[in-house]
Amino acid sequence: MKNETSIKYFYLLAFSGETRSKPFITAFFFLIYVVGVLINSSIITVICLEVQLHKPMYLFICNLSIVDIFYTSVTVPKLLHMLLSGNHIVSSAQCYTQLFFFSSNMTAEGIVLFIMAYDRYVAICNSLHYHQILSRRNCTLITIGTWAVSFLNSLLFVLSSLYMSSCHSNLIHQFFCDAKSLTKISCTSTQMFFLVAGTEILVIIFVPLLCTCISYVNIFSVIFKMKSEESRRKAFSTCSSHLTVISIYYGTCLAEYLIPAYSDVLDLAFNVVYATITPMINPIIYSLQNANVKTAMLRFLKGKLFF
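All values reported here derive from a predicted model rather than from experimental measurement. (Residues numbered from 1 in each chain as written. Predicted model: local features only at pLDDT ≥ 70, side-chain atom pairs only at ≥ 80, totals over all residues. Heavy atoms only, no water.)

As for the overall build of the protein chain
The following threshold applies: Helix and strand definitions follow DSSP, with helices as H or I runs of at least four residues and strands as E runs of at least two, each counted in order from the N terminus. Summary of the burial criterion: residues with accessible area below 20% of their type's maximum are buried, those above 50% are exposed, and those between are partly exposed, where the area comes from a 1.4 Å probe applied to protein chains only. For this analysis, residues touch if any pair of their heavy atoms sits within 4.5 Å. Note on areas: Shrake-Rupley, 1.4 Å probe, and residue coverage restricted to the protein chains presented here.
Each helix and strand in the protein chain was counted, giving 10 helices and 3 strands. Counting from the amino terminus, the protein chain carries its helices and strands in the arrangement β-α-α-β-α-α-α-β-α-α-α-α-α. Evaluated residue by residue, the protein chain yields a buried proportion of 48% over its 307 residues. Considering only residue pairs separated by 6 or more positions, the protein chain has 79% of its internal contacts joining residues 24 or more positions apart. Surface accessibility of the protein chain: about 15800 Å² in total, with carbon and sulfur atoms responsible for 67%.

Here's the deal with the state of the cysteines
A covalent bond between the sulfur atoms of two cysteines is referred to as a disulfide. Our working rule: A pair of sulfur atoms, both from cysteines and within 2.5 Å, is called a disulfide here.
Going through the model one piece at a time under the given rule, you end up with 1 disulfide. Each sulfur in the disulfide pair Cys95 and Cys177 lies 2.1 Å from the other. A torsion of -125° about the S-S bond marks the disulfide between Cys95 and Cys177 as left-handed. In this pair, Cys95 is assigned in helix α3 (residues 92-125) and Cys177 in the loop between β3 (171-172) and α6 (179-184), connecting sequence segments 82 residues apart. Residue classification places Cys95 among the buried positions, given a relative accessible area of 0%. Unpaired in this structure, Cys62 has its nearest cysteine sulfur neighbour in Cys48, at a distance of 4.6 Å. In this structure Cys213 is a free cysteine whose sulfur lies 9.3 Å from that of Cys211, the closest cysteine sulfur available. Taking relative accessible area as the criterion, Cys213 reaches 43% and is therefore assigned partly exposed.

Let's talk about the sheet that holds strand β2 (residues 89-91)
This is how the line gets drawn: Whether two strands pair comes down to DSSP finding at least two bridges between them. Between the N-to-C directions of two axes lies an angle of 0 to 180 degrees, each axis being a line fitted to C-alpha atoms and, for a helix, fitted only over the stretch in contact.
If you trace the 3 strands from one edge of the open sheet to the other, you get β2-β1-β3, paired in mixed fashion. Both outer strands of the open sheet, β2 and β3, are each paired with one neighbouring strand and no more. Bridging between strand β1 (residues 9-12) and β2 involves 3 bridges; their strand directions are antiparallel. Paired with Phe10 across the two strands is Val90, which belongs to β2. Sheet strands touched by α3: β1, β2 and β3. Its angle to β2, the strand with the most contacts, is close to 80°.

Overview of the side chain of Ser215
Its place among the elements puts Ser215 in helix α7 (residues 191-223). A residue is classified by how much of its surface remains accessible, and Ser215, at 8% relative accessible area, is buried. Those residues within four positions of Ser215 in sequence are excluded, and the remaining contacts are Ala117 and Tyr121.

Side note on the pattern of salt bridges
Condition: We count a salt bridge whenever a side-chain nitrogen from Lys or Arg sits within 4 Å of a carboxyl oxygen from Asp or Glu.
Within this structure, the stated rule accounts for 1 salt bridge. With a closest N to O distance of 2.8 Å, Arg120 and Asp119 form a salt bridge. As far as burial versus exposure is concerned, Arg120 and Asp119 are alike and both buried.

Here's the deal with the packing of helix α2 (residues 56-85) against helix α5 (residues 136-162)
Here is the rule we go by: Reported orientations rely on four angle classes, namely roughly parallel under 35 degrees, roughly antiparallel over 145, roughly perpendicular from 65 to 115, and oblique for the rest. Take the far helix as the reference: if the near one is turned anticlockwise from it by less than a right angle, the crossing is left-handed, and if turned clockwise, right-handed. As a working rule, the residues Ala, Val, Leu, Ile, Met, Phe, Trp, Tyr, Cys and Pro are called nonpolar, Asp, Glu, Lys and Arg charged, and the rest polar, with Gly in that last group.
The contact between α2 and α5 brings their axes to 11 Å, and the two run at 20°. Here α2 is positioned roughly parallel relative to α5, judged by the angle of their axes. When the axes of α2 and α5 are compared, the crossing they make is right-handed. The residues of α5 that touch α2, namely those facing Pro56, Leu59, Phe60, Asn63, Ile66, Val67 and Phe70, are Cys139, Ile142, Thr143 and Trp147. Of the residues belonging to the contact of α2 with α5, the class tally is 9 nonpolar, 2 polar and no charged.

Re the packing of aromatic side chains
For any pair of aromatic rings, geometry is given as the distance between the ring centres together with the angle between the planes. Note the following rule: For Phe, Tyr and Trp, rings pair up if their centres lie within 6.5 Å, where Trp contributes its six-membered ring, and each pair is then called stacked (planes under 30 degrees apart), edge-to-face (over 60) or tilted (otherwise).
The full count for this structure, using the stated rule, is 16 aromatic pairs. Geometrically, the ring pair formed by Phe24 and Phe28 is stacked, given 6.5 Å between the ring centres and 25° between the ring planes. Taken together, the positions of Phe24 and Phe28, both in helix α1 (residues 22-49) and 4 residues apart, correspond to about one turn of that helix. Taking the relative accessible area as the measure of exposure, Phe24 reaches 61% and is therefore exposed.

A closer look at α3
Note the following rule: One less than the number of residues in a helix, times 1.5 Å, gives the span that helix is expected to have.
The terminal C-alpha atoms of α3, which comprises 34 residues, lie 49 Å apart, in line with the 50 Å expected from a rise of 1.5 Å per residue. Within α3, 25 of the 34 residues are buried, leaving the element largely enclosed by the surrounding structure.

Topic: the pairing of β1
Residues Phe10 and Leu12 line the buried face of β1, whereas the alternating positions Tyr9 and Tyr11 sit on a face that is not buried. In this sheet, β3 lies alongside β1 in parallel orientation, the contact comprising 2 bridges. The partner of Leu12 across the bridge, within β3, is Ile172.

Digging into the confidence of the model for the protein chain
Definition in use: Values of pLDDT, which run from 0 to 100, indicate the predictor's confidence residue by residue.
Here the protein chain averages 81 in pLDDT, while 88% of its residues score no lower than 70. Of the regions scoring below 50 in pLDDT, residues 1-5 engages in 7 contacts with residues more than four places distant in sequence or in other chains.

As structure tokens, this is what we get:
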């Protein structure tokens, strides 16, 4: 018989030993969370209120901001509670619930970034049929489909992780419950989990990433053929911002889950970047670099101040 025990609680010990640095760490994550939520909330508000921004491109920007708010809200508030209270205990139900919503947002962000690349592809390479392809009905279906796929994918992911028995230890050296940390403390076979995870990474990450690369190959081939320098500059400006966001997201995400775990500190660093910092800088890199969003934001702020 296997010597397995049922784990009812986990201990998240990412920053438990940093007693002197706790005030700085707490302030750091609090600042990241507040700034990220405020910027993303402002972008959502402006896009919803500004009629001129009721276009497919800005709908997807709005979706990206919603995902980014959820992204940090799943992990940072609980981390701040642990840092302030000193209570690093998380129940098994809370751990897997956090894993479910975190993986849902991770999947949704990857799909939204791919849809944004497709939006640029249609706008530049097939501009005459842009409003027909990305009609309001189609955009609504895309949005609903994105979240449906994300939740179903996350459910499958969490169910596969439940088959792993955490009997060696209940210590997670991370600031939230993530799948990689759970595999480290599992004493049973993780073959099924890695089979499901590998399939999901292939379908949800590599396929959209490949399609995104193909889209940009076609986009750049059209941009280089443009005769107007202003048109090329405007197209490059939009694409470069989106490519920067994609590079940061996929770079840190793939590094975290594909590079073997050499140290808990390295895993922690990757998680901090793509789970907290990236959702904060996404709107700064992408949305606030967009001239229309920036103009609408300034108009909105001036109206509030004047009022």
